[in-house]
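Here is how the chains run, residue by residue.
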Amino acid sequence: MPQMFKTWQTKSAKDVSLVTLVTFITGIFLWLIYGIYLQSLPIILANGVTLVFNFILLWLKIKYR
């Protein structure tokens, strides 16, 4: 979340690696699928929120490229 706010405030995403961000989003998405499979609400909520924040960061990375 701090990285997202910094990117939004400075209007610069040069500190964010696109490859690392996409890899992290993929991992979080797989954890979310695993949580859904297990029907584990804590895993679903934690990874769902993290996924939303990282999609916002990805959008900022593309926007401020």
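You'll find the structure just up there.
Residues numbered from 1 in each chain as written. Predicted model: local features only at pLDDT ≥ 70, side-chain atom pairs only at ≥ 80, totals over all residues. Heavy atoms only, no water.

Draft legend 1. Geometry of the nonpolar core. Counting 12 residues, the largest nonpolar core consists of M4, A13, V16, L21, I25, I28, L32, L51, L57, L58, L60 and Y64. Listing elements by their share of this core, those giving two or more residues are α2 (18–38) and α3 (41–63). Excluding residues that lie within four positions of it along the chain, L21 makes contacts with V16, N54, L57 and L58. (Core = buried A, V, L, I, M, F, W, Y, C linked by side-chain atoms within 4.5 Å. Buried < 20%, exposed > 50% of the residue type's maximum accessible area, 1.4 Å probe, protein only. Helix = DSSP H or I, 4+ residues; strand = E, 2+ residues; numbered from the N terminus. Contact = heavy atoms within 4.5 Å.)

Draft legend 2. Representation of a nonpolar patch on the surface in the model. Taken together, the side chains of F29, L30, I33 and I36 define a hydrophobic patch exposed on the protein surface, amounting to about 380 Å² of accessible area. Along the chain, the position of I36 falls in helix α2. The class of I36 is partly exposed, set by a relative accessible area of 47%. (Patch = residues over 30% accessible without salt bridge, like charges linked within 9 Å, V, L, I, M, F, W, Y side chains within 5 Å. Areas by Shrake-Rupley, 256 points an atom, 1.4 Å probe, with all protein chains shown as cover. Salt bridge = Lys/Arg side-chain N within 4 Å of Asp/Glu carboxyl O.)

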